[in-house]
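Here are the chains, one letter per residue:
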Amino acid sequence: MNNTCIYVLIFVGFFSTYVVANLVPSICKDLSRNDQENVSYDYCVSKLGSDPKSAHSTAEQLAEISFRLTISKADDVFSTIQKVVNGSRIDQLVKYPLKICSVVYSRIPNDLKDGLVALKGGNYDKANVTVNAVVKIASICRDVVKVGSVSVSVLKENSDDFFKLGAISLGFTKLLRIIN
């Protein structure tokens, strides 16, 4: 047997026994313990676990997944607001604030993408400030979507998901700041 074969066998043997632990449950446990009001353990595990890459991800990669999920949900909220405003017969007292919310949510994905760039660059403080700011500015829309119509209740569900995902992303920025 030549040396190349031996090295290949050692290499394959090493990586076949090396198992990357799934960090999702333990990180979600920490995040939910540190922000009991906004982060549910089961919700966190479900959302992060929805990405197939999460089972073998580092904390930094899970944070990126969290940011991407939050960005996607902000896009969903914006799209839903557009559908409600443009396609529903809703009271003008609700329609006008929803138009304002449309403007707010139209900007959130790009702001979160800037936060993701900061996160990837190790600037956890900037990422934290960005997530915190978009969640706070979006909170002005929360009361608007608490109206009882069916179309607005769909918006409320999307908005609630955005806040939960935002809280998870915010938790990651704090966690990464501590461990790095």
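Residue positions are given per chain, counted from 1 along the sequence in the order it is written. Note on the predicted model: pLDDT of at least 70 is required for a residue's local features to be given, and 80 or more for side-chain atom pairs to be given and counted; whole-chain, interface and lining totals, by contrast, use all residues. With hydrogens and water stripped out, all remaining heavy atoms of the structure feed into the side-chain values.

In the annotation of an unreviewed UniProt entry, the protein is listed under the name Pectinesterase inhibitor domain-containing protein and assigned to Saponaria officinalis. UniProt positions are given in the numbering used here, feature names are shortened, and annotations may be inferred rather than shown by experiment. As its UniProt record puts it under Sequence similarities (unreviewed entry), the protein is described as follows: "Belongs to the PMEI family."

Note on disulfides: each one is a pair of cysteine sulfur atoms within 2.5 Å. Per the counting criterion, the structure on display carries two disulfides. In this model Cys-101 forms its disulfide with Cys-141; the gap between the sulfur atoms is 2.2 Å. Across the S-S bond of Cys-101 and Cys-141 the torsion is about -120°, and the bridge reads as left-handed. Within this pair, whereas Cys-101 is found in helix 5 (residues 92-120), its partner Cys-141 is found in the loop between helix 6 (124-138) and helix 7 (150-179), the two being separated by 40 residues in sequence. Buried residues are those whose accessible area, probed at 1.4 Å on protein chains only, stays under 20% of the maximum for their type, while exposed residues exceed 50% and partly exposed ones sit between those limits. We classify Cys-101 as buried; its relative accessible area is 2%. Classification of Cys-141 by relative accessible area gives buried; the value is 2%. Going through the protein in sequence order and numbering each bonded cysteine, the pairs you get are 1-2, 3-4. Elements are defined by DSSP. Helices are runs of H or I of four residues or more, strands are runs of E of two residues or more, and each kind is numbered from the N terminus.

A word on the environment of Cys-28. Turning to its location among the elements, Cys-28 is positioned in helix 2 (residues 24-34). It is 8.8 Å that separates the C-alpha atoms of Cys-28 and Tyr-43, two residues lying 15 residues apart in sequence.

Definitions used throughout: a 1 Å grid over protein atoms alone; a cavity as a set of points that fits a 1.4 Å probe which cannot get out; a pocket as an open set with protein on both sides within 12 Å along at least five of seven lines; a lining residue as one with an atom within 4 Å of a point. Grid points are joined across faces, edges and corners, and a volume is the space filled by probe spheres set on the points. Considering only enclosed or pocket space, the largest pocket measures out at about 220 Å³ in volume. Contributions of two or more residues to the lining of the largest pocket are made by helix 6 and helix 7. Among the elements that make up the lining of the largest pocket, the one with the highest residue count is helix 7 (six residues). Throughout, the ten residues Ala, Val, Leu, Ile, Met, Phe, Trp, Tyr, Cys and Pro are labelled nonpolar, Asp, Glu, Lys and Arg are labelled charged, and all others, Gly among them, are labelled polar. Of the residues in the lining of the largest pocket, the class split is four nonpolar, four polar and five charged. Along its surface, the second largest pocket is lined by Asp-30, Leu-31, Asn-34, Asp-35, Val-39, Ala-167, Leu-170, Gly-171, Lys-174, Leu-175 and Ile-178. Where the lining of the second largest pocket is concerned, the elements lending two or more residues are helix 2 and helix 7. Sort the elements by how many residues they give to the lining of the second largest pocket and helix 7 lands first, with six residues. For the lining of the second largest pocket, a count of residues per class yields six nonpolar, two polar and three charged.

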